[in-house]
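# Commentary on secondary and tertiary structure
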Amino acid sequence: MGPNCSFYSGRHPTDPRVRNGTNGPEDGAPIVVGEDCWLGGNVIVLPGVTIAGNPARVLKPVRPAPAETLPPGYVPPADIPISEAGL
């Protein structure tokens, strides 16, 4: 494991109306790191992630977020392709 790795198993809603400051709901999901895994420096691992050996592979495609869930005024880059690799 490289330096400055961070593992965050807790999470909260991203919608500020639901989050309600510090009074809103919180939950979490497990993080699983298997044997013979290598994590470089400054890696951030979020709730519900499983890292299980090599080689790394795509498990599901990454889809863009619906426009209504984006912050006001945010325009996502149009030149980033959606990966379908490994499916």
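As the structure is a prediction and not an experimental result, all values here were calculated from the model. (Residues numbered from 1 in each chain as written. Predicted model: local features only at pLDDT ≥ 70, side-chain atom pairs only at ≥ 80, totals over all residues. Heavy atoms only, no water.)

## Details of unusual backbone geometry
The line we're drawing: Put simply, DSSP H or I for four residues or longer makes a helix, DSSP E for two residues or longer makes a strand, and each gets a number counted from the N terminus. Using a 1.4 Å probe on the protein chains alone, a residue whose accessible area is under 20% of its type maximum counts as buried, one over 50% counts as exposed, and one in between counts as partly exposed.
We note that Asp 36 has phi near 60°; this positive angle belongs to a residue other than glycine. By secondary structure assignment, the location of Asp 36 is in the loop between β4 (32-33) and β5 (44-45). Taking relative accessible area as the criterion, Asp 36 reaches 67% and is therefore assigned exposed. Look at Asn 42: it is not a glycine, yet its phi comes out positive at around 65°. Along the polypeptide, Asn 42 turns up in the loop between β4 and β5.

## Digging into a nonpolar patch on the surface
This is how it is decided: Within this analysis, patches are made of residues with over 30% relative accessible area and no salt bridge. Like charges are joined at 9 Å or less; nonpolar side chains (Val, Leu, Ile, Met, Phe, Trp, Tyr) at 5 Å or less. Here the open area of atoms and residues is found with the Shrake-Rupley method and a 1.4 Å probe, where only the protein chains shown may cover a residue. Take a side-chain nitrogen of Lys or Arg and a carboxyl oxygen of Asp or Glu: if they are within 4 Å of each other, that pair is a salt bridge.
Taken together, the side chains of Tyr 8, Ile 44, Leu 46 and Val 49 define a hydrophobic patch exposed on the protein surface, amounting to about 370 Å² of accessible area. Tracing the chain through its elements places Ile 44 in strand β5. When its relative accessible area of 56% is taken as the criterion, Ile 44 is described as exposed.

## Digging into the pattern of salt bridges
All told, the structure shown has two salt bridges when counted by the stated rule. We note a salt bridge from Arg 11 to Asp 27, for which the minimum N-O separation is 3.1 Å. Highlighted residues: Arg 11 in strand β2 (residues 10-11) and Asp 27 in strand β3 (residues 27-28), separated in sequence by 16 residues. On the basis of relative accessibility, which here comes to 37%, the residue Arg 11 falls in the partly exposed class. Residue classification places Asp 27 among the partly exposed positions, given a relative accessible area of 45%.

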